[in-house]
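Inside the fold
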Amino acid sequence: MTLTTARTGEPTASDPDAVRGSALGAALAGPLVSTQWLCDHLGSDGLVVIDASVVPVTDGGRTSYASGRERYAEGHLPGAVFADLLDPFSDPAAPFPFTRPGAAAFAAAAAELGVDADTTVVVYDGAVGQWASRLWWLFRSFGHDRVAVLDGGLTKWREEGRPLESGTVVPAPAQPFAARELPGFWSDRDDVAALLAGDRPGTLVCGAPPKDFAARHIPGSVSAPAVRLVDRATNALLPPAELHGLFADVLASPDPIVAYCGGGIAAAADALALALLGRDDVTVYDGSLNEWASDPAAPLASA
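Residues numbered from 1 in each chain as written. Predicted model: local features only at pLDDT ≥ 70, side-chain atom pairs only at ≥ 80, totals over all residues. Heavy atoms only, no water.

1. Considerations on the confidence of the model for the chain
When the pLDDT values of the chain are averaged, the result is 92; 92% of them are 70 or greater. The low-confidence segment residues 1-20, where pLDDT is below 50, has 34 contacts with residues more than four positions distant or belonging to other chains. (pLDDT = per-residue confidence, 0-100. Contact = heavy atoms within 4.5 Å.)

2. Quick word on the pattern of salt bridges
Scanning the entire structure with this criterion turns up 8 salt bridges. For glutamate 181, the salt bridge identified is with arginine 100, shortest N-O distance 3.0 Å. Residue glutamate 181 is located in the loop between α6 (153-159) and β8 (186-187), and its partner arginine 100 is located in the loop between β5 (81-82) and α4 (103-112); the two are separated by 81 residues in the primary sequence. The class of glutamate 181 is partly exposed, set by a relative accessible area of 38%. A salt bridge links aspartate 118 to arginine 146, with the nearest nitrogen and oxygen atoms 3.7 Å apart. In this pair, aspartate 118 sits in the loop between α4 and β6 (120-124) while arginine 146 sits in the loop between α5 (130-141) and β7 (147-150), placing the two residues 28 residues apart along the sequence. Exposure class is identical for aspartate 118 and arginine 146. Each is buried. Linked by salt bridges that have partners in common, Arg100, Arg134, Glu181 and Asp286 make up one network. (Salt bridge = Lys/Arg side-chain N within 4 Å of Asp/Glu carboxyl O. Helix = DSSP H or I, 4+ residues; strand = E, 2+ residues; numbered from the N terminus. Buried < 20%, exposed > 50% of the residue type's maximum accessible area, 1.4 Å probe, protein only.)

3. Observations regarding the pairing of strand β4 (residues 62-67)
Sheet analysis places strand β3 (residues 54-59) next to β4, joined by 6 bridges and oriented antiparallel. The residue of β4 that forms the bridge with proline 56 is tyrosine 65. Hairpin connection of β3 to β4: 2 residues between the antiparallel strands, including glycine 60 at a positive phi of 60°. (Pairing = 2+ DSSP bridges.)

Written out as structure tokens, the structure reads:
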């Protein structure tokens, strides 16, 4: 899998806005940006900041998910627009929640937020970064690599006393970029079945919470809960040495890595952390346990 992908429509010297956007994109040092970096660049030409928050709703012991749009309106980073990961940044017609949309649908949704081929995107959420990581993964999987996650997200930004705005920011729609689904980002049920059968190499890593992993997981999986990837005090990702310790069993093997969870969200946080550790051979099982467990014949383990 290649972390950086080729884009069409590179800026020229006659397009000053695109040149500025290109320079800003080049300033991204990796898949994360700090709160200070973002504070220094807020309002820059070619930068779109996206709140990708989703709100868990518990009813009778069952958890479902609702749009974070109302919470976004209550307080968000200055100038940030809102991306609804339930729809259109997922396929609402798919049989499982949060299934990725098609390339054309994704590009159209991104354009509605003001993202074109030359836009630099910074994504955050109000949780531990799993929703932002999911949108980061989607952007990259569709060929837009000028994207990063805000380390610590809304929690760290707020705790540092940085400015917030209320209300809704109306995006300036952009021309859709030429999205196409790139190979090497996603795995499906057949891929996982082949891995379990020994027909292909691979290491399974599960980003689900420890309690959920203990209740059920795909046999042979390594547990790496997304909630344990961040510092509880700052909500920022742990230093690389600590992340390396959490993923020690995964990193011990040179085999490609397949990340999954309940619905392909926390798995993206694992993929982000592994990217920081230099692994560019990670795929996300999009259907994750939502799909896997729907098949009565699919094996499951408990701990």
